[in-house]
Amino acid sequence: MADFDRTDRKALGILSDTISEKLGPSDKVTREIRRAYTSGKQIDRFMARAAFDALPDWQRSDIGSAAENLAHAIIREELGEVAPFGTERDWRDMDAPQRRAGPARKPGAGGDMQSPPRFLTRTTR
């Protein structure tokens, strides 16, 4: 468990709570994520990732949004704020800076659009 740092553990705990709420405590994915959270072993994290990746895209997206909302609520609680947006600070400031939309990509010399960078394509693990 030495290679499982504190931040990863907190994130996995948030994911575990969210999945338990969305799918139920007896769901296979919930059990795998909870096992990875409690043990921190690399094999358990691998199995949890495989179980989560097997979910449909819409379900993973729904769980991700709910986990992000829970993480923001936890941050607000740790900062001592009772209500969301309790200060003048906008919580969007905490997100990664957004790039302004630039001009659309131009087709290459052959007229075809370039393929996206490899890191943006989904590959099997």
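This report concerns the structure included in the present document. (Residues numbered from 1 in each chain as written. Predicted model: local features only at pLDDT ≥ 70, side-chain atom pairs only at ≥ 80, totals over all residues. Heavy atoms only, no water.)

1. Considering the packing of aromatic side chains
- Scanning all chains against the criterion turns up 0 aromatic pairs.
- Over the aromatic face of Y37 sits the side chain of R9, whose NZ or CZ is 4.8 Å from the ring centroid. (Phe/Tyr/Trp six-rings, centres within 6.5 Å; stacked < 30°, edge-to-face > 60°. Lys NZ or Arg CZ within 6 Å of the ring centre and 35° of its normal.)

2. A closer look at helix α3 (residues 42-53)
- Here α3 spans 16 Å end to end across 12 residues, near enough to the 16 Å set by a 1.5 Å rise per residue.
- Among the residues of α3, those classed as buried are D44, A48, A51 and F52. Projection of α3 onto a plane perpendicular to its axis shows the buried side chains occupying an angular sector of 95°, all on one side. In α3, the exposed positions angled more than 90 degrees off the buried face are occupied by Q42, I43 and F46. (Helix = DSSP H or I, 4+ residues; strand = E, 2+ residues; numbered from the N terminus. Expected span 1.5 Å × (residues − 1). Buried < 20%, exposed > 50% of the residue type's maximum accessible area, 1.4 Å probe, protein only. Arc of directions from axis to C-beta.)

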